[in-house]
Amino acid sequence: MRALTISAHGGTEQLEFRTDIPVPEPTPGSVRVRVQAAALNHLDVFTLRGLPGVTITPPWIMGADAVGTIDAVGHGVYSTPGDRVVINPGISDRTCEYCRMGEHSLCTHFGLLGEHHPGTFAEYVVVPAGNVRTIPESIPTERAAAFTLATLTAWRMVVTRAAVKAGDEVLIWGIGGGVAQAALQIAKQRGARVWVTSGSDEKLERARQLGADETLNHRTMKIGREIRARTGKRGVTVVIDCVGQDTWKESLTALGRAGRLVTCGGTSGPVVETDVRRLCWNQWTIMGSTMGNDTEFDAVVEELRAGRLTPVVDSVYDLENGRAAFDRMAGGEQFGKIVLCVAS
Ligand SMILES: [Zn+2]
């Protein structure tokens, strides 16, 4: 089958489009999905560069997000071949104590498609049956492909972890990205006022069309000080920070008393500094968040089916041109999701 693979870590020159990858066979409890389209995430760029503790087996198939149709099922699976599905890229063992509590992204064997398991940038991918949900044909393929990882991540951050509600003031960094855009839409649904940042005025203008109340250019202003000035020193109640090293200090400057900060990682770097005196005096809550559990997956897919949440698609590339798609993501030029069309 056709697939976008790597055989070694490095830059985008390592990406290799191949046509000789064997079609995987469904294992017991799993389904094989014939992929229509897949989407890029920052995760893919990190996997390409190499992550500590993660070992790939060449030729390694990249990719986490996808939409496709079930093409074959393993023993003990009652899904119907032909069903159109989106895939939850978070793979759990479904047996450990966290899984039994329904917290699949805390699984002691948690892993992601494209990072720990063969990914979705291929004609076929095999995933556990519990990791797919059916969606109607009416949802455009590129939007369905771009949906799950970013929206599921944002949902857990905004709804489950930060418990954003009406009256909250929410700061979201880097509104060009998929998680940030999903977080904006979800926070607005819940009645919050939302502040967003970008280094591009053009992206900020587009964020206004998505519902952002306040837009801040982080290249031209100090975000923390600006927010304190505009809120009478009160700050925001919630910060959604996926950038990490470059934004942490400003996130904490912007965060008001009893504020909640949720992070899903550090795209700019992993190590941050927190003044513990301000943490205790302001009674902040700093939370981590990763992907989502089955209940959250059900919730976001219902939002997709109902048309209440829909990702912004930046651009679509053929699988053969996957390297150009990675270059666009690595360059930070995109507003929304970059999609790979897989079906020939
Ligand atoms: Zn588990």
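Quick note: structure is the one above.
Residues numbered from 1 in each chain as written. Predicted model: local features only at pLDDT ≥ 70, side-chain atom pairs only at ≥ 80, totals over all residues. Heavy atoms only, no water.

1. Focus on the sheet that holds strand 14 (residues 236-241)
Paired through backbone hydrogen bonds, the strands of a sheet run either parallel or antiparallel to each other.
Right, so step 1: Taken in spatial order, the 6 strands make up an open sheet running 13-12-11-14-15-16, and their pairing is parallel. A single partner strand is all that each edge strand has here, and the edge strands are strand 13 (214-217) and strand 16 (285-288). Taken pair by pair, the neighbouring strands of this sheet meet at an average axis angle of 20°, ignoring direction.
Right, so step 2: Packing against the sheet, helix 4 (residues 148-161) makes contact with strand 14, strand 15 (255-263) and strand 16, and its axis sits at approximately 145° to strand 15. (Pairing = 2+ DSSP bridges. Helix = DSSP H or I, 4+ residues; strand = E, 2+ residues; numbered from the N terminus. Axes fitted to C-alpha atoms, helices over the stretch in contact; angles between N-to-C directions. Contact = heavy atoms within 4.5 Å.)

2. Describing the coordination of the zinc ion
Right, so step 1: Every protein donor of the zinc ion is accounted for by D93 (OD), C96 (SG), C99 (SG) and C107 (SG), and the metal-donor separations fall at 2.1 to 2.3 Å.
Right, so step 2: Taken together, the 4 donor atoms coordinating the zinc ion and their angles of 93 to 123° define a geometry best described as tetrahedral.
Right, so step 3: We note that the donor set of the zinc ion lies within a single chain, spaced as D-x2-C-x2-C-x7-C. (Donors = N, O, S within 2.8 Å, 3.2 Å for Na, K, Ca; no water. Tetrahedral: all angles 85-135°; square planar, octahedral: opposite > 155°, others 65-115°.)

3. Things to note about the pattern of salt bridges
Right, so step 1: Counted under the stated rule, the structure contains 23 salt bridges.
Right, so step 2: Between E123 and R2 there is a salt bridge, with its nearest N and O atoms 3.8 Å apart. Remark: R2 occurs in the segment before strand 1 (3-6) and E123 occurs in the loop between strand 8 (111-112) and strand 9 (124-128); sequence separation between them is 121 residues. For the pair formed by E123 and R2, the shared burial category is buried.
Right, so step 3: The salt bridge partner of E302 is R305, with a shortest N-O separation of 3.1 Å. Remark: R305 and E302 occur in helix 10 (residues 294-305); sequence separation between them is 3 residues, near one turn of the helix.
Right, so step 4: The class for E302 is partly exposed, based on a relative accessible area of 36%.
Right, so step 5: Since its relative accessible area comes to 34%, R305 is described here as partly exposed.
Right, so step 6: A cluster of three or more residues bridged by salt bridges with shared partners is formed by E169, R193, E214, E226 and R230. (Salt bridge = Lys/Arg side-chain N within 4 Å of Asp/Glu carboxyl O. Buried < 20%, exposed > 50% of the residue type's maximum accessible area, 1.4 Å probe, protein only.)

4. Section: a positive patch on the surface
Right, so step 1: A contiguous patch of positive charge on the surface is contributed by K222, R225, K249 and R278.
Right, so step 2: Mapped onto the secondary structure, K222 falls in the loop between strand 13 and helix 7 (223-230).
Right, so step 3: For K222, a relative accessible area of 48% translates into the label partly exposed. (Patch = residues over 30% accessible without salt bridge, like charges linked within 9 Å, V, L, I, M, F, W, Y side chains within 5 Å. Areas by Shrake-Rupley, 256 points an atom, 1.4 Å probe, with all protein chains shown as cover. Lys, Arg positive; Asp, Glu negative; His and termini not counted. Charge placed at Lys NZ, Arg CZ, Asp CG, Glu CD.)

5. Quick look at the packing of aromatic side chains
Right, so step 1: Scanning the model with the defined rule gives 1 aromatic pair in all.
Right, so step 2: On the basis of an interplanar angle of 85° and a centroid distance of 6.2 Å, the ring pair of F121 and F326 is categorised as edge-to-face. You can see F121 sitting in the loop between strand 8 and strand 9 and its partner F326 sitting in helix 11 (residues 322-330), a full 205 residues away along the chain. In terms of burial, F121 and F326 fall into one category: buried. (Phe/Tyr/Trp six-rings, centres within 6.5 Å; stacked < 30°, edge-to-face > 60°.)

6. Re the sheet that holds strand 4 (residues 60-61)
Right, so step 1: An order of 2-1-4 is seen for the 3 strands of this open sheet, with the pairing classed as antiparallel. Since the sheet does not close on itself, it has two edges, and those belong to strand 2 (15-18) and strand 4, each with one partner.
Right, so step 2: Across 4 bridges, strand 1 lies against strand 2 in antiparallel orientation. Each bridged residue has a counterpart across the sheet, and for T5 the counterpart in strand 2 is E16.

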